[in-house]
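# Structural overview for review
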Amino acid sequence: MLAGAGEISATDAEARVGQVYAEYDQRRREVQAEEARQQEEQDLTELLEIERRNRLGGGSPDGVA
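The rules behind the values
- Residues numbered from 1 in each chain as written.
- Predicted model: local features only at pLDDT ≥ 70, side-chain atom pairs only at ≥ 80, totals over all residues.
- Heavy atoms only, no water.
- Salt bridge = Lys/Arg side-chain N within 4 Å of Asp/Glu carboxyl O.
- Helix = DSSP H or I, 4+ residues; strand = E, 2+ residues; numbered from the N terminus.
- Buried < 20%, exposed > 50% of the residue type's maximum accessible area, 1.4 Å probe, protein only.

## A short note on the pattern of salt bridges
If charged atoms from side chains of opposite charge come close, those side chains can pair. Under the defined criterion, the tally for this structure stands at seven salt bridges. With its nearest N and O atoms 2.3 Å apart, the salt bridge here joins Arg-28 to Asp-25. With a gap of three residues between them, Arg-28 and Asp-25 both fall in helix H1 (residues 10-55), about one helical turn apart. Arg-28 sits in the partly exposed class, given a relative accessible area of 33%. On the basis of relative accessibility, which here comes to 13%, the residue Asp-25 falls in the buried class. Through salt bridges with shared partners, a single network forms among Asp-25, Arg-28 and Arg-29.

Printed below as a string of structure tokens:
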């Protein structure tokens, strides 16, 4: 049977699925990299705050830095 208007071949469908998956995977990697960057920034901010408190002779109220 011939593919009618609006229909695609199985080969074209497989290619499209592969393309969609590749795009999804790329976006997932970008999101993970951004999340890691944000976590690193948060960690650095927390470390800088700990160092600031230590320089001022303070500490956290519970004695844990």
